[in-house]
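Understanding the architecture of this molecule
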Amino acid sequence: MSKRRLGLIIYFTFLLLPLYWMFVMSLQTTESILGGFSLWPRDITLANYTKIFTDQSWYSGYINSIIYVSMNTVISLLAALPAAYAFSRYSFIGDKHMFFWLLTNRMAPPAVFLLPFFQLYSTFGLIDTHIAVAIAHCLFNVPLAVWILEGFMSGIPREIDETAYLDGYSFPRFFLTVFIPLIRAGIGVTAFFCFMFSWVELLLARTLTTTSAKPIAAIMTRTQSAAGLDWGLLAAAGILTIVPGALVVYFVRNYMTKGFALGRV
Amino acid sequence: MNKIQNNKAWLLVIPVFVIVAFSAIIPLMTVVNYSVQDIFGPGQRVFIGTEWFKEVLLDERLHDALWRQLLFSALVLLIEIPLGILIALALPTRGWSVSLFLIILALPLLIPWNVIGFIWIVFARPDIGLAGKTINDLLSIDYNFTSNAFDAWITVLIMDVWHWTPLVVLLCYAGLRAIPDAYYQAASIDGASKWAVFRYIQLPKMREVLTIAVLLRFMDSFLIYAEPFVLTGGGPGNSTTFLSQFLTKMAIGQFDLGPAAAFSLIYFLIVLLFSWLFYTAITHISQ
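Note that the structure is a prediction, hence the values are computed from the model and not measured.

Remarks on the overall build of chain B
- Along chain B, the regular secondary structure elements total 13 helices and 3 strands.
- For chain B, the spread of C-alpha atoms along the three principal axes comes to 75 × 65 × 30 Å.
- Counting every position in chain B, which comprises 287 residues, the buried fraction comes to 54%.
- Considering only residue pairs separated by 6 or more positions, chain B has 68% of its internal contacts joining residues 24 or more positions apart.
- Each charge sign in chain B was given a centre, from 16 positive and 18 negative side chains, and these centres are 12 Å apart.

Quick look at the overall build of chain A
- Regarding its fold elements, chain A presents 13 helices and 1 strand.
- Ordered by position from the N terminus, the helices and strands of chain A form the series α-α-α-α-β-α-α-α-α-α-α-α-α-α.
- Considering only C-alpha atoms, chain A reaches an extent of 75 × 60 × 30 Å along its principal axes.
- Here chain A holds 265 residues, and 60% of them are scored as buried.
- Summarising the internal contacts of chain A: among those between residues at least 6 apart in sequence, 75% fall at separations of at least 24.
- Looking at chain A as shown, the accessible area adds up to about 10800 Å², and 68% of this sits on carbon and sulfur atoms.
- Charged side chains of chain A number 17 positive and 12 negative; the gap between the two group centres comes to 7 Å.

Some remarks on the environment of I63(A)
- By secondary structure assignment, the location of I63(A) is in helix 4 (residues 56-89).
- Taking the relative accessible area as the measure of exposure, I63(A) reaches 44% and is therefore partly exposed.

Some words on the interface of chain A and chain B
- Contacts between the two partners involve 98 residues from chain A, matched on the other side by 99 residues from chain B.
- Here D220(B) makes a salt bridge to R106(A), at a shortest N to O gap of 3.6 Å.
- Along the contact surface separating chain A from chain B lie 11 residue pairs in polar contact (both at pLDDT 80 or more).
- Ranked by residue count, the leading element in the side of chain A that touches chain B is helix 1 (residues 2-26) of chain A, at 13 residues.
- Here the side of chain A that touches chain B is built from residues that sort into 78 nonpolar, 13 polar and 7 charged.

Some details on the environment of V156(B)
Residue and element names in this part refer to chain B.
- Within the secondary structure, V156 is located in helix 7 (residues 149-177).
- Residue V156 is classed as buried on the basis of its relative accessible area of 1%.
- C-alpha separation for the pair V156 and I270, spaced 114 residues apart in sequence, amounts to 22 Å.
- Ignoring anything within four residues of it in the chain, the contact list for V156 reads F72, P228, L231, T232, T240 and F242.

Let's talk about the domain arrangement of chain A
Residue and element names in this part refer to chain A.
- Per the domain assignment, the segments making up chain A are domain 1 (1-45) and domain 2 (56-262).
- Opposite the 9 residues of domain 1 that make contact, domain 2 presents 9 residues.
- Together, M22, S26 and T30 form the three largest contributors to the area buried by domain 1 at its contact with domain 2, with a combined 58%.
- Where domain 1 meets domain 2, there are 0 salt bridges.
- Linking domain 1 to domain 2 there are 0 residue pairs in polar contact (both at pLDDT 80 or more).
- For the side of domain 1 that touches domain 2, the elements supplying multiple residues, two or more each, are helix 1 and helix 2 (30-35).
- The dominant element in the side of domain 1 that touches domain 2, judged by the number of residues it contributes, is helix 1, at 5 residues.
- Partitioning the side of domain 1 that touches domain 2 into residue classes produces 6 nonpolar, 3 polar and no charged.

Looking at a nonpolar patch on the surface
- A contiguous nonpolar surface patch, about 610 Å² in accessible area, is contributed by L11(B), I14(B), F17(B), V18(B), I25(B), M29(B) and V32(B).
- Here M29(B) lies in helix 1 (residues 10-35).

Topic: the packing of helix 3 (residues 60-90) of chain B against helix 13 (residues 257-285) of chain B
All names here are of chain B.
- Taken N-terminus to C-terminus, the directions of helix 3 and helix 13 make an angle of 30°; their axes are 13 Å apart at the nearest point. Taken together, the axes of helix 3 and helix 13 are roughly parallel relative to one another. Relative to helix 13, the crossing made by helix 3 is right-handed. Counted together, L62, L66, Q69, L70 and L77 of helix 3 and F263, Y267, I270, F274 and F278 of helix 13 form the full contact between these two elements.
- Split into classes, the residues belonging to the contact of helix 3 with helix 13 amount to 9 nonpolar, 1 polar and no charged.

As for the packing of aromatic side chains
- Under the definition given, this model contains 41 aromatic pairs over all chains.
- Measuring from centroid to centroid gives 5.8 Å for F117(A) and Y121(A), while their planes differ by 5°, and the two rings are stacked. On the criterion of helical spacing, the pair formed by F117(A) and Y121(A) is a turn pair, its members being 4 residues apart in helix 6 (residues 110-123). Of the two residues examined, F117(A) and Y121(A), each falls in the buried class.
- Among the aromatic residues, those joined into a ring-pair cluster are Y85(A), Y90(A), Y165(A), F171(A), F174(A), F175(A) and F179(A).
- Here R106(A) stacks its cationic end above the ring of F197(A), 4.6 Å away from the centre of that ring.
- For R199(B), the ring lying beneath its charged end belongs to Y200(B), and the centroid distance is 5.0 Å.

Brief notes about unusual backbone geometry
- Located in the positive-phi region is D128(A), a residue other than glycine, with phi close to 65°.
- Along the chain, the position of D128(A) falls in the loop between helix 6 and helix 7 (130-154).

Basis of the calculations
- Residues numbered from 1 in each chain as written.
- Chains lettered and ligands numbered in written order.
- Predicted model: local features only at pLDDT ≥ 70, side-chain atom pairs only at ≥ 80, totals over all residues.
- Heavy atoms only, no water.
- Helix = DSSP H or I, 4+ residues; strand = E, 2+ residues; numbered from the N terminus.
- Buried < 20%, exposed > 50% of the residue type's maximum accessible area, 1.4 Å probe, protein only.
- Contact = heavy atoms within 4.5 Å.
- Lys, Arg positive; Asp, Glu negative; His and termini not counted.
- Charge placed at Lys NZ, Arg CZ, Asp CG, Glu CD.
- Areas by Shrake-Rupley, 256 points an atom, 1.4 Å probe, with all protein chains shown as cover.
- Salt bridge = Lys/Arg side-chain N within 4 Å of Asp/Glu carboxyl O.
- Polar contact = N/O pair within 3.5 Å; in protein donor to acceptor, adjacent residues only side chain to side chain.
- Nonpolar A, V, L, I, M, F, W, Y, C, P; charged D, E, K, R; others polar.
- Domains from an automatic or database assignment.
- Buried area = accessible area lost by both parts, 1.4 Å probe.
- Patch = residues over 30% accessible without salt bridge, like charges linked within 9 Å, V, L, I, M, F, W, Y side chains within 5 Å.
- Axes fitted to C-alpha atoms, helices over the stretch in contact; angles between N-to-C directions.
- Parallel < 35°, antiparallel > 145°, perpendicular 65-115°, else oblique.
- Left-handed = near helix turned anticlockwise from the far one by under 90°.
- Phe/Tyr/Trp six-rings, centres within 6.5 Å; stacked < 30°, edge-to-face > 60°.
- Lys NZ or Arg CZ within 6 Å of the ring centre and 35° of its normal.

Written out as structure tokens, the structure is:
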């Protein structure tokens, strides 16, 4: 027992140290960060945070990211739920190929694909809109959502479906009022993964936006000036990027512990 | 579970197909198109067949980058998967601390990838960074990731372990929670050892989540770009230039669209091949 506890302490210290360092940096000016080594922040200042919350070009980045990430999570779930049901309950022509093809969409190296992506989305007049990034991120989030949801759905015995149909439920009514509540844990977990992967993706989001939908991760790289990076500001912005996701985890945490027990796994 | 044969199920899959195909098929066709042409400028292009593929396949620097990439992905999987399983097994199963652990685990996953690189630049710096300073002064090991190739390599690897092990832990933890208590009770009646419980109960029950974890970690580590690019810029020398950085240099730096497209397709096929092997292997072992 104590060996287990020691292991956990070492691992979580390792996990928290870089985060602590980012937090320390965020409370200092760049001069004092580069000025010398110190275990805790000297000359504590909230100037970095104040700048982010008052400068429109900064906080709009957070708003843009939150808008397209939420859109993407909703679209991914709405599309993936019926598909995951189909994969978990029925066999149909090409089902296995379709499933693996979906996964292959995570495997393409982005660099060269960015140019045709830009061309495609400008043809549809979607450049610099939130929905463009939301749809582009579906490329890797929808397959993942289908995969995770399928696991959860296969854990629900098919007798439940059959009983409901015998009771005269139509498919949409059964799906919405019986089935979805049963797998709400899976939906919570899937929502977290969609949120996370869309939140941290940079290349597609940056390519498809110019100003009005620019994500926070792209805005951060602009702290680079002739004098070098503004490390303090960058660290404060980094700390703030964790907050929305941490809130999402907070809301789905119970699903991750108890709810998963419903999954087939 | 036996599935019902019903081709109408396709109707439920159509929305997914449409939404993914919209972003997938046209860009892929465009890249295939680039890869067989020599492009001089708008409207000036010549069909050259497999020329670029031959050139790319024979490129020495690419072979180096490929071996470096394979080693990196292999180490990532060998460290992160067992470590993730161990941590998931060690985590408490009930009580208030569970929520706290889960939230802390999720934190590194939520930081944009370029920011991870920026944080580690300072964290690992020998003069002002916590890790760099500690290694140099307390352990008196001469460590400098900007000038020493080996140090740069290790730093990128540890950064990846720091960043991504929590994903494996979260998935495995979720898998472990799905095992009914009755299994453990039966095992303790039989007097099964801890290892036997792990080997015959926990590991098989984690199969599904481990498939997801192994494939996600393989794909993402093989396509790693932003973190080493920000941290080391591929250097010193070419020591941390992984495949996708090599590709980006080619596509954007030198604007060699043809060879870069050919390279992308080869790259994609390598990822596809390995993913398929893992997928098939894991599915077969368990049956």
